[in-house]
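Structural description and commentary
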Amino acid sequence: MNPYRELANAIILQAVKDYRRNKSEQSREEIERFFRSDWFGALTRINPEQLIAQLRKENK
């Protein structure tokens, strides 16, 4: 795999892990802003709204 793709995947995976670990609403909102950012869009083609919905569903 391309090292840049591996780095992009690692950044996204870390954000997902951080979201799952954080119980603070403020921290989760910051991570959601990242998911909706242009930077996130440059890293992946994952639909940010679907990802956020799935993470919220896991935390219920």
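Our subject is the structure listed above.
All of these numbers come straight from a predicted model, not from anything done at the bench. By convention here, each chain's residues receive numbers from 1 onward along its written sequence. Restriction of local features to residues with pLDDT of at least 70 applies here, the model being predicted, together with a cutoff of 80 or more for giving and counting side-chain atom pairs; totals for whole chains, interfaces and linings are based on all residues. Excluded from the side-chain calculation are hydrogens and water; included are all heavy atoms of the structure.

**Some details on the nonpolar core**
What is meant by a nonpolar core is a set of buried Ala, Val, Leu, Ile, Met, Phe, Trp, Tyr and Cys residues, joined one to another through side-chain atoms within 4.5 Å. In this scheme, a residue with accessible area under 20% of its type's maximum is buried, one over 50% is exposed, and one in between is partly exposed, where area comes from a 1.4 Å probe on protein chains only. In this structure, Phe34, Phe35, Phe40, Leu51 and Leu55 are the most contacted members of the largest nonpolar core, which totals 13 residues. Helical segments are the DSSP runs of H or I of at least four residues, strand segments are the runs of E of at least two, and each set is numbered from the N terminus. Broken down by secondary-structure element, the contributors of at least two residues to this core are α1 (3-21), α2 (25-35), α3 (38-43) and α4 (48-58). Per-element accounting of this core gives the leading share, 5 residues, to α1.

**A look at the packing of aromatic side chains**
Only Phe, Tyr and Trp rings take part, Trp by its six-membered ring, and two of them pair if their centres are within 6.5 Å. Stacked means planes under 30 degrees apart, edge-to-face means over 60, and tilted covers everything else. A complete count under the given rule lists 4 aromatic pairs for this structure. A centroid spacing of 6.5 Å and a plane angle of 40° characterise the contact between Tyr19 and Phe35, whose relative ring orientation is tilted. Placement of Tyr19 in helix α1 and of Phe35 in helix α2 is noted, with a sequence separation of 16 residues between them. A relative accessible area of 3% means that Tyr19 is categorised as buried. Residues Phe35 and Phe40 carry aromatic rings whose centres are separated by 5.4 Å and whose planes lie at 70° to one another, so their mutual orientation is edge-to-face. No difference in accessibility class separates Phe35 from Phe40, as the two residues are buried. Feature note: the residues Tyr19, Phe34, Phe35 and Phe40 constitute an aromatic cluster, connected by ring pairs. One residue, Arg28, lies across the ring of Tyr19, its end atom 5.2 Å from the ring centre. A positively charged side chain is recorded as over a ring if its NZ (Lys) or CZ (Arg) lies within 6 Å of the ring centre. The angle to the ring normal must also be within 35 degrees.

**Quick notes on the packing of α1 against α2**
Axis separation between α1 and α2 bottoms out at 9 Å; the angle between their running directions is 155°. Accordingly, the angle class assigned to the pair α1 and α2 is roughly antiparallel. Once α1 is placed against α2, the crossing between them reads as left-handed. Counting all contacts with α1, which are made through Ile11, Ala15, Val16, Asp18, Tyr19 and Arg20, the residues of α2 involved are Arg28, Ile31, Glu32, Phe34 and Phe35. In this classification, the charged set is Asp, Glu, Lys and Arg, the nonpolar set is Ala, Val, Leu, Ile, Met, Phe, Trp, Tyr, Cys and Pro, and all remaining amino acids, among them Gly, are polar. Across the contact of α1 with α2, the residue classes tally to 7 nonpolar, no polar and 4 charged. To get an axis, fit a line to the C-alpha atoms, keeping to the stretch in contact for a helix; angles then go from 0 to 180 degrees between the N-to-C directions. Any angle that falls under 35 degrees is termed roughly parallel, while one over 145 is termed roughly antiparallel, one within 65 to 115 roughly perpendicular, and all others oblique. Left-handed describes a crossing in which the near helix is turned anticlockwise from the far one by less than a right angle; the clockwise case is right-handed. In what follows, residue pairs with any heavy atoms lying within 4.5 Å of each other are defined as contacts.

**Examining the pattern of salt bridges**
When a carboxyl oxygen of Asp or Glu is within 4 Å of a side-chain nitrogen of Lys or Arg, the pair counts as a salt bridge. Under the definition given, this model contains 4 salt bridges. In this structure, Arg36 engages Glu49 in a salt bridge whose closest nitrogen and oxygen atoms are separated by 2.7 Å. Remark: Glu49 occurs in helix α4 and Arg36 occurs in the loop between α2 and α3; sequence separation between them is 13 residues. Owing to a relative accessible area of 41%, Arg36 belongs among the partly exposed residues under this scheme. On the accessibility criterion, Glu49 (41% relative accessible area) is partly exposed. One salt-bridge network, held together by shared partners, links Glu32, Arg36, Glu49 and Arg56.

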